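# Fold and contact review
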Amino acid sequence: MRPTQAPFPATRLRRTRQSPAIRDMVAENTLTAADLIWPVFVRDGEGVEEPVPSMPGVLRRSVDRVVEAAREAADLGIPAICLFPYTSPDQRTADCAEAWNPDNLSNRATRAIKAAVPGLAVMTDVALDPYSDTGHDGFVEEGRIVNDATVEALVRQALAQAEAGVDIIGPSDMMDGRIGAIRRALEGGGHQDVMIMSYAAKYASAFYGPFRDAVGASDALKGDKKTYQMNPANTDEALRLIERDLREGADMVMVKPGMPYLDICRRVKDGFGAPTFAYQVSGEYAMIMAAAQQGWIDEERAMLESLMCFKRAGCDGVLSYFAPALARHLS
Ligand code: PBG
């Protein structure tokens, strides 16, 4: 429905754009630190902060430094941090056993953050790729990614994360049936309050490249992820995935990547009314930072605009590597 309006000159739409105060007054959407989830990369060691070359400004941090980052996030009003481990090559095996090791990097970081900054929500990734010698999110047998055996492993991984104290589990693997299986295991294991944010509409995207560098998976990955991640040509399939994951017990759903899929965000929010998130992925971040470093675009303005679009598209929040920079800008 469109608002009724008189013809020009009774209506001059520029009237409400005449000053910063009036523009703010009529703004339809706002960005706040509370909209943000900050993805961080965790590595071993102590006192280590190591830049990720393809993601200017992003670091791999040892657990003690991740705790510092968590404190900073909480101070800035960011509600949640999302952990991604950089596992060493010797911890990447065919059986992916490190994924459910109670003392793996991700679980150690979770415990350390929850001990130091209990008010900050910790989100973790459920998928086998950081622990697999193939770089795939599931087990590989004769060149195929096997679904049901992978789901069993994902359940063990999710339970280990819940035991470590995570608030939000983020299955990013795109196997069929994993949300229901994880939800049942959480209920059975006394973790009924652990939330699931499903990477429900996750596309097989070129924009994950810098992330795979950041977690050390680029060299390992053989082939592509097109038999489990979605075809960028599809919309209706995204809605079917979202509906399925909500029915299986997801509390929140995610569309990923972000900017190339804003149409999906809008349809998901309008169609289901569930808490809806977008992931502004590594390649989106890298593009903006690379152009800014060349002096071709203004970094701060591009950051703000690139995040506001998610609110406009109906998202309740965004996972973004810009989270601390945006929160600092707003405060
Ligand atoms: C792994 C995972 C990926 C991302 C989040 N979890 C990469 C992939 O699916 O290959 C990408 C995040 C980003 O690019 O910022 N399951």
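Above this text is the structure in question.
Residues numbered from 1 in each chain as written. Predicted model: local features only at pLDDT ≥ 70, side-chain atom pairs only at ≥ 80, totals over all residues. Heavy atoms only, no water.

## Quick look at the overall build of the protein
Scanning the protein for helices and strands turns up eleven helices and twelve strands. For 331 residues, the compact-globule formula gives about 20 Å, and the C-alpha radius of gyration of the protein, at 20 Å, lands near that figure. Taking the contacts inside the protein whose residues are at least 6 apart along the sequence as the reference set, 75% of them involve residues at least 24 apart. Carbon and sulfur atoms make up 50% of the accessible area of the protein, which totals about 15200 Å². (Helix = DSSP H or I, 4+ residues; strand = E, 2+ residues; numbered from the N terminus. Rg over C-alpha atoms; globule rule 2.2 N^0.38 Å. Contact = heavy atoms within 4.5 Å. Areas by Shrake-Rupley, 256 points an atom, 1.4 Å probe, with all protein chains shown as cover.)

## Notes on the site of the ligand
Near the ligand you find 18 residues, and of these Lys202, Arg212, Lys256, Ser282 and Tyr321 are the closest. Between Lys256 and the ligand, the recorded distance is 3.4 Å, taken from a side-chain N or O atom to a nitrogen atom. The side chain of Ser282 places a nitrogen or oxygen atom 2.7 Å from an oxygen atom of the ligand. Within the complex, 100% of the 400 Å² of free accessible area of the ligand lies under protein. Under a 2 Å grid-point criterion requiring more than half of the atoms, the pocket assigned to the ligand is the largest cavity. Of the residues belonging to the shell around the ligand, the class tally is eight nonpolar, three polar and seven charged. (Near = heavy atom within 4 Å. Polar contact = N/O pair within 3.5 Å; in protein donor to acceptor, adjacent residues only side chain to side chain. 1 Å grid on protein atoms, 1.4 Å probe; cavity = no way out; pocket = protein on both sides within 12 Å on 5 of 7 lines; lining within 4 Å. Sits in = over half its atoms within 2 Å of the grid points. Nonpolar A, V, L, I, M, F, W, Y, C, P; charged D, E, K, R; others polar.)

## Description of the pairing of strand β11 (residues 276-280)
The buried count for β11 comes to five of five residues, which makes it a mostly enclosed element. Burial along β11 is two-sided: Thr276, Ala278 and Gln280 facing one way and Phe277 and Tyr279 facing the other are all buried. Bridging between strand β10 (residues 252-256) and β11 involves three bridges; their strand directions are parallel. Each bridged residue has a counterpart across the sheet, and for Val253 the counterpart in β11 is Thr276. Taking the sense of rotation as the criterion, the β-α-β connection linking β10, helix α8 (residues 262-272) and β11 turns out right-handed. As judged from the four bridges shared by β11 and strand β12 (residues 317-320), these two strands associate in the parallel manner. (Buried < 20%, exposed > 50% of the residue type's maximum accessible area, 1.4 Å probe, protein only. Pairing = 2+ DSSP bridges. Right-handed = clockwise from strand over helix to strand, strands pointing away.)

## A few points about the layout of surface pockets
Each pocket or cavity is described by its volume, and for the largest pocket that value is around 280 Å³. Looking at the largest pocket, the residues that line it are Thr30, Leu31, Arg301, Leu304, Glu305, Met308, Arg312, His329 and Leu330. Contributing elements (two or more residues each) for the lining of the largest pocket: α10 (299-312) and α11 (323-330). For the lining of the largest pocket, the element with the most residues is α10, which contributes five residues. Classifying every residue of the lining of the largest pocket by side-chain character gives four nonpolar, two polar and three charged. (Points joined across faces, edges and corners; volume = space filled by probe spheres on them.)

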